[in-house]
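# Structure assessment
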Amino acid sequence: MPKDHGIGASPTRREDVRFLTGRGKYTDDIALHGQTYAVFARSQVANGVIKSIDTSEAEAMPGVLAVFTGEDFVDVGGNPAGWQINSRDGQPMKEPKRPVLAHGKVRHVGDAYAAVIAETEEQARDAAEAIVAEIDEEPAVVDMGKALADGAPLVHDEIGTNQCFDWGWIEDNRAATDEAIKNAPHVTTLELVNNRLVPNAMEPRASTADYDPGTGEYTLYTTSQNPHLTRLLISAFVLGIPENKLKVVAPDVGGGFGSKIYHYGEEALVLAAAKKIGRPVRWTASRSESFLTDAHGRDHVTKIELACEKDGTFIAFRTETMANVGAYLSNFSTATPTFLHGTLMAGNYAVPNVYVNVKAVFTNTAPVDAYRGAGRPEATYSLERVIDMAARELGIDPLEIRRKNFVQPDQFPFTSAAGLEYDTGNYGALVDKLEEMIDRDGFEARRKASEKNGKLRGLGVNTYIEACGIAPSNLVGVLGSRVGLYDAATVRVNATGNIAVMVGAHSHGQGHETAFPQVVADMLGIDENSVEIVHGDTSKIPFGMGTYGSRSLAVCGSAVVRATEKVINKGKKIAAHMLEASEADIEFTDGQFSVAGTDKSVGFGEVALKAYIPHDFPLEDLEPGLEETAFYDPANFTYPAGAYACEVEVDPETGKVTVCSFAAADDFGNVINPMIVEGQVHGGLAQGIGQALIEGTVYDENGQLLSGTYMDYAMPRADDFPMFKVDHSCQTPCTHNPLGVKGCGEAGAIGSPPAIVNGVIDALQRGGIDVTHIDMPLSPGRVWQAINGAQ
Amino acid sequence: MTSVTMTVNGKSVSGEVEGRTLLVDFLREGQGLTGTHVGCDTSQCGACVVHVDGEPVKACSIFAAEADGAEVTTIEGMANPDGSLGTIQQAFQDHHGLQCGFCTPGMVMSAAALLQENPKPSEAEIRDYLEGNICRCTGYHNIVKAIMAASGQDVSAVAAE
Ligand code: FES
Ligand code: FES
């Protein structure tokens, strides 16, 4: 019987009502009195020296209030990298400055070198077009291999190279891994591309700034997944506005998927402009600007080797990867291809040797950073593709080769050869569940039916593991993070017994406003509708590191639990006073504080009221009020895992791939709201299948973005997918957070690309076409070429 | 500048617009009806779908002046007269057919137009009809399910909840 409230129930989402009636408040919906508009002048070339910028004509145009160029920001800081990576030789990564507006050079198409503020958006746009910039175009570097070659044009002259770092993980394991591969009975080698993606949250980025000369306070409304981090970066690194004079509000946000984690120059520009002209300044990206300037995702080129015994027992994985970081280091661009990627390169497997090498490369393209999954999809794709290939070469069933190598349930906690300590898991159970879901025995009949229709049918499988709940601070600090990765929550019990919970996590589709109250209400034995979640406003919330890395519930939810526990403890003190008992004798269950072994009790609501009417409190022992804050810093990452399968049909005439079915068995540990969890998996699957089949970001050799609109960048539509089959009944609760939860936001995007590609290869192989690999996206053209190349 | 008058959600409204003012901007900036969203600049995402004289229209693809004299319905006009969610809106909530909510107004408006035309669409017909509406969050699974449910079809058998 499914629960009807509290943890494990699926109440419908309360936030939906405002979204369904048009009353959501997204950044661009906020109109401030006297607001003005910012429009940016952006580079048309990928690499160029700015000789001069003449703004005089623009400044004289109607409605124009101010024009800014890079010159105006030479004295302020740059947008920093949040994670320091050291190269194998111990040298720190190369870290060129990322200014608010380009100065001296433009480094990618879309790089902003000037901005106009005007009374209307049209006036600002017209004036931006009237700015005369003399920019000498120079040869661009787009391809990573060419960027690393001797004599390549440099993205940043001052660092003398296009290589940001050359990282080894774990460097001490390198020799042993090399040796193991040299001596192995079987080695499978695969070179693959993890295609570059544009996150494409449906709400384009937007920022509106306001400055109050009376108080010296700034307010920034912005499309952010983590307003506190944005405030911190602007205050500490970019503009130097004191943190207590800067309020950052991320209101309703229309999706992020990583792209809204980062601070962008437009945010600093509108703040500076609002102060200068003394009026609010508003900017909203067009979709074309979003394509050019949002941080992109993925973009790895990898060679992976799998060494194994003839029976399929894994001996070693070794990878060499080039990771594109684009023209500037976005805030977490250096963490994504390293600690969110290399550390996962043992997968779900008890393999003894792993060595990962990653070279990060500057190119004249938009910055690349974390996008749903961030590093883990790249690791999973490399592993699960090469494993499939090895299974085929060795004649072993693809699920069996995986089972054979899994970390076994009795081996947890298990330290992987890539250095992470997996706390719990049961990967065999996930595969069992998957097999239950997919009717594997019926596959042959379905394949024959497809064949009758002239189609090739294939079955693709894979497993994945990920590290979520990005934290703990002490570990990430050792690994180079320049920020802590805890989260915070305040539980405020009002006098009338209802509750506001201020959380550092930001909800932009994840349903926190519904799921977090389920936790609090369960703990306090009260109606969840009396619990309200407050998020997205730095002036209301103690602090927070925001939402990414599937961390909201695992990290911030744990902070909510800790703060609620403190409320219960404080309530016990008050109840003890009210019941004239000793605090140690007070028990709290189902919303009642009672004296153990007696029938004396008092309800949560009465205690709340008493907290605010403390007429008879012994004030030296008992403070009035009922409000508690907790910062929670986990002991480890969490490790969701899953087993995925799909059936695809390939039309050999056209190369078109159709996804006939997709099944996902995931272990997310405990689940608070199954409906929301399933929705998160569906969305992730769509992004992963989109990556595998249709999405691709294409720059030409001059650095022009050819896939810069929805006409050229294939966004997945409703008719690209079947109904998904998802299951989360295999649950090995996380052992180190109070909810036992692991995180579900990225799983679908991590686990699905290899299943699709494995499925297409399987279809071709079963159809007698000897194709062993096709790079994503598996567009009809590419599949058709592969088929025809093989025949 | 020209003046336009139209009926929006049952109320007559008018305003001065430039020739280049799009209907979506007239609604959002002029009328404060910010439920209609702008997700692209090439008329492809469908976040801006409204009904003009009963037909679904991408409000970024026509000028405000072209809607002069028309009956326009936006997401703000889709609730029941008592303010409760309309059938399609309720089905979206019941079946978790939205996450961030940004595509949602356009989805609901498109779904309403579909059900007018085809009161009991099949799964394939729904997917086909939504070709012009992009959602990045939901993977469409629950949107399709919600629309089937809104049309009175039994969705209890739809794959894994
Ligand atoms: S804003 Fe109208 S279709 Fe995208
Ligand atoms: S719910 Fe976010 S784009 Fe559809």
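Residues numbered from 1 in each chain as written. Chains lettered and ligands numbered in written order. Predicted model: local features only at pLDDT ≥ 70, side-chain atom pairs only at ≥ 80, totals over all residues. Heavy atoms only, no water.

## Concerning the overall build of chain A
So the rule is basically this: Only DSSP runs of H or I covering at least 4 residues are called helices, and only runs of E covering at least 2 are called strands; the numbering of each starts at the N terminus. Residue exposure (1.4 Å probe, protein chains only): buried if accessible area is under 20% of the type maximum, exposed if over 50%, otherwise partly exposed. When checking whether two residues touch, look at their non-hydrogen atoms; a contact exists if any pair is within 4.5 Å. Positive charge is attributed to Lys and Arg, negative charge to Asp and Glu, and no charge count is given to His or to the chain ends. Taken as the charge centre is NZ of Lys, CZ of Arg, CG of Asp or CD of Glu, depending on the residue.
Counting secondary structure elements, chain A contains 19 helices and 28 strands. Principal-axis analysis of the C-alpha atoms places the extent of chain A at approximately 90 × 75 × 50 Å. With 791 residues in all, chain A has 65% of them scored as buried. For chain A, the share of sequence-separated contacts (at least 6 apart) that also reach a separation of at least 24 residues comes to 80%. Charged side chains in chain A number 66 positive and 106 negative. The centres of these two groups are separated by 2 Å.

## With respect to the overall build of chain B
Within chain B one finds five helices and five strands. Tracing chain B from N to C terminus, the helices and strands come up as β-β-α-β-β-β-α-α-α-α. Overall size of chain B, expressed as C-alpha extent along the three principal axes, is 55 × 35 × 25 Å. Taking all 161 residues of chain B together, the buried fraction comes to 55%. Restricting to contacts in chain B with at least 6 residues of sequence separation, those with at least 24 account for 54%.

## Regarding the interface of chain B and chain A
Definition in use: Put simply, buried area is how much 1.4 Å-probe accessible surface two parts lose in total, over both of them, once they are put together. The salt bridge criterion pairs a side-chain nitrogen of Lys or Arg with a carboxyl oxygen of Asp or Glu, the two atoms within 4 Å. Polar contacts here mean pairs of N or O atoms no more than 3.5 Å apart (in protein, one a potential hydrogen donor and the other a potential acceptor; neighbouring residues in sequence count only if both atoms are side-chain atoms).
In this assembly, 50 residues from chain B lie in contact with 57 residues from chain A. Of the roughly 4,500 Å² buried between chain B and chain A on both sides combined, carbon and sulfur atoms contribute 57%. Summed over the shared surface of chain B and chain A, the result is five salt bridges. For Asp126 of chain A, the salt bridge identified is with Arg20 of chain B, shortest N-O distance 3.7 Å. Taken together, the connections running from chain B to chain A amount to 26 residue pairs in polar contact (both at pLDDT 80 or more).

## Examining the state of the cysteines
Residue and element names in this part refer to chain A. To be explicit about the condition: Disulfides are defined as cysteine sulfur pairs within 2.5 Å.
Tallied over the full model, the rule gives zero disulfides over all chains. Summary of cysteine pairing: Cys730 is not part of a disulfide, and the nearest cysteine sulfur, belonging to Cys744, is at 16 Å. With a relative accessible area of 14%, Cys730 lands in the buried category.

## Here's the deal with helix α17 (residues 674–693) of chain A
Stated precisely, the cut-off is as follows: Expected helix span is taken as 1.5 Å per residue step, with the number of steps being one fewer than the number of residues.
Its 20 residues place the ends of α17 of chain A 28 Å apart at the C-alpha level, agreeing with the 28 Å of an ideal helix rising 1.5 Å per residue. The element α17 of chain A is extensively covered by neighbouring structure, given that 20 of its 20 residues are classed as buried.

## Brief notes about the sheet that holds strand β2 (residues 48–54) of chain A
Counted only if it meets this: Strand pairing is assigned whenever DSSP identifies at least 2 bridges connecting the two strands.
Spatial strand order, β4-β2-β6 (chain A): three strands in an open sheet with antiparallel pairing. Sheet topology places β4 (105–106) and β6 (132–137) of chain A at the edges, where each strand pairs with a single neighbour.

## With respect to unusual backbone geometry
Residues and elements named next belong to chain A. Here the bond from Trp169 into Ile170 is cis, since omega is -5°, no more than 30 degrees from zero. As for its placement among the helices and strands, Ile170 is situated in the loop between β7 (163–169) and α5 (174–182). Residue Pro413 is bonded to the preceding Phe412 through a cis peptide linkage, with omega at -5°. With respect to the helices, strands and loops of the structure, Pro413 is situated in the loop between α10 (398–405) and β16 (414–415). Even without being glycine, Arg298 reaches a positive phi, approximately 65°. With respect to the secondary-structure elements, Arg298 resides in the loop between α8 (287–293) and β13 (300–308).

## Comments concerning the pairing of strand β14 (residues 314–326) of chain A
All names here are of chain A. The buried fraction of β14 amounts to eleven of the 13 residues, a majority that puts the element mostly inside the structure. Two strands pair when backbone bridges link them, and β13 and β14 are joined in this way by nine bridges, in the antiparallel orientation. Directly across from Ala307, in β14, lies its bridge partner Ala316. Hairpin remark: β13 followed by β14, antiparallel, with five residues in the connecting loop; positive phi at Gly312, about 95°.

## Topic: the domain arrangement of chain B
By convention, interface size is frequently given as the accessible area that disappears when the constituent parts associate. All names here are of chain B. The line we're drawing: Where each domain starts and ends follows an automatic or database-derived domain assignment. Think of it as three bins: nonpolar holds Ala, Val, Leu, Ile, Met, Phe, Trp, Tyr, Cys and Pro, charged holds Asp, Glu, Lys and Arg, and polar takes everything else, Gly as well.
Split into domains, chain B comes out as domain 1 (2–78) and domain 2 (87–150). Of the roughly 1,200 Å² buried at the junction of domain 1 and domain 2 (both faces included), carbon and sulfur atoms supply 65%. It is His37, Ile75 and Met78 in domain 1 that bury the most area against domain 2; as a group they hold 38% of the surface buried on that side. At the junction of domain 1 with domain 2, the criterion picks out zero salt bridges. Our count for the domain 1 to domain 2 interface comes out at six residue pairs in polar contact (both at pLDDT 80 or more). Top element by residues in the side of domain 1 that touches domain 2 is strand β3 (residues 49–52). It accounts for three residues. When grouped by side-chain class, the residues that make up the side of domain 1 that touches domain 2 number eight nonpolar, eight polar and one charged.

## A few points about the nonpolar core
Cut-off, in case you're wondering: Only buried residues count toward a nonpolar core. Its members are Ala, Val, Leu, Ile, Met, Phe, Trp, Tyr and Cys residues joined through side-chain atoms within 4.5 Å.
Among the nonpolar cores identified, the biggest contains 190 residues, and Phe317 and Phe662 of chain A together with Phe92 of chain B are the most heavily contacted of them. Other than its neighbours up to four places away in sequence, Phe92 of chain B contacts Leu20 of chain A together with Gly97, Leu98, Thr104, Met107, Val108, Ala111, Ile143, Ala146 and Ile147 of chain B. Counting residues in hydrophobic clusters, the runner-up holds 45 residues, among them Val531, Ala563, Leu622 and Tyr632 of chain A.

## Some points on the packing of aromatic side chains
How two aromatic rings sit relative to each other is given by the distance of their centres and the angle of their planes. All names here are of chain A. Quick note on the threshold: Two rings belonging to Phe, Tyr or Trp (six-membered ring only in the last case) form a pair when the distance between their centres is within 6.5 Å. Interplanar angles under 30 degrees mark stacking, angles over 60 mark edge-to-face geometry, and anything in between is tilted. Here, a charge over a ring is recorded when the distance from Lys NZ or Arg CZ to the ring centre is within 6 Å and its angle to the ring normal is within 35 degrees.
The final tally for this structure, using the stated rule, is 29 aromatic pairs over all chains. Here the aromatic cluster, defined as three or more aromatic residues joined through ring pairs, consists of Phe314, Phe317, Tyr349, Phe406, Phe412 and Tyr427. Its guanidinium or amino end placed over the ring of Tyr264, Arg205 lies 3.5 Å from that ring's centre, counting from NZ or CZ. The positively charged end of Lys276 is found above the aromatic ring belonging to Phe68, 5.1 Å away from the centroid.

## Observations regarding the packing of α17 of chain A against helix α18 (residues 747–766) of chain A
Residues and elements named next belong to chain A. Where we set the bar: Lines fitted to the C-alpha atoms define the axes, with helices restricted to the stretch that makes contact. Angles between their N-to-C directions range from 0 to 180 degrees. Should an angle lie under 35 degrees it is considered roughly parallel, over 145 roughly antiparallel, and from 65 to 115 roughly perpendicular; all remaining angles are considered oblique. Should the near helix be turned anticlockwise from the far one by less than a right angle, the crossing is left-handed, and should it be turned clockwise, the crossing is right-handed.
Close contact between α17 and α18 brings their axes to 7 Å; oriented N to C, the two are set at 40°. By the angle between their directions, the pair α17 and α18 is classed as oblique. In this structure, α17 meets α18 at a crossing whose hand is right-handed. Taking contact as the criterion, the partners of Val681, Gly684, Leu685, Gly688, Ile689, Gln691, Ala692 and Leu693 in α17 are, on α18, Gly748, Ala749, Ser752, Pro753, Ile756 and Val757. In terms of residue class, the contact of α17 with α18 is built from nine nonpolar, five polar and no charged.

## Things to note about the domain arrangement of chain A
Residues and elements named next belong to chain A. When cut into domains, chain A gives domain 1 (18–138 + 202–255 + 260–293), domain 2 (300–406 + 416–471 + 636–790) and domain 3 (486–632). The C-alpha centroid of domain 3 is placed 40 Å from the C-alpha centroid of domain 2. If you look at the interface, domain 2 gives 20 residues, while domain 3 gives 18 residues. Contact between domain 2 and domain 3 buries roughly 1,400 Å² in total, counting both sides, with carbon and sulfur atoms accounting for 64%. Among the residues domain 2 hides against domain 3, the three largest losses belong to Ile672, Pro738 and Leu739. Together they make up 35% of the total. Put simply, domain 2 and domain 3 have zero salt bridges between them. Across the domain 2-domain 3 interface, the total number found is six residue pairs in polar contact (both at pLDDT 80 or more). Its residues assigned to classes, the side of domain 2 that touches domain 3 shows eight nonpolar, eight polar and four charged.

## Re helix α15 (residues 552–579) of chain A
Taking 1.5 Å per residue as the helical rise, α15 of chain A with its 28 residues ought to reach 40 Å, and the 38 Å between its terminal C-alpha atoms agrees with that figure. Following α15 of chain A by one or two positions, Glu580 of chain A adopts a phi angle in the positive range, close to 55°.

## Examining the pattern of salt bridges
Residue and element names in this part refer to chain A. Using the criterion set out here, one finds 57 salt bridges over all chains in the structure. Here Glu119 ties to Arg279 by a salt bridge, and the two come within 2.8 Å at their closest N and O atoms. Taken together, the positions of Glu119 in the loop between β5 (112–118) and α3 (121–129) and Arg279 in the loop between α7 (265–277) and β12 (281–284) put the pair 160 residues apart, joining distant regions of the chain. According to the relative accessible area criterion, Glu119 is partly exposed, its value standing at 31%. Asp178 is the salt-bridge partner of Arg318, the closest N and O atoms lying 2.6 Å from each other. Here the residue Arg318 occupies a position in strand β14, and Asp178 occupies one in helix α5, the gap between them amounting to 140 residues. By relative accessible area, which is 18% here, Arg318 ends up buried. Among the charged side chains, a salt-bridge network with shared partners connects Asp397, Glu400, Arg403, Asp432, Glu435 and Arg440.

## A few points about the sheet that holds strand β2 (residues 11–17) of chain B
Residues and elements named next belong to chain B. Pairing is mixed across the open sheet formed by five strands, whose spatial order is β2-β1-β5-β3-β4. Of all the strands in the sheet, just β2 and β4 (55–58) have a single pairing partner and so form its edges. With strand direction ignored, the average angle separating the axes of adjacent strands in the sheet is 40°. Bridge count for β3 against β4 is four bridges, and the pairing is antiparallel. When the sheet's bridge partners are listed, Val49 is paired in β4 with Lys58. Sitting on the sheet, helix α3 (residues 104–117) is in contact with β3, β4 and β5 (71–73), with an inclination near 40° to β3.

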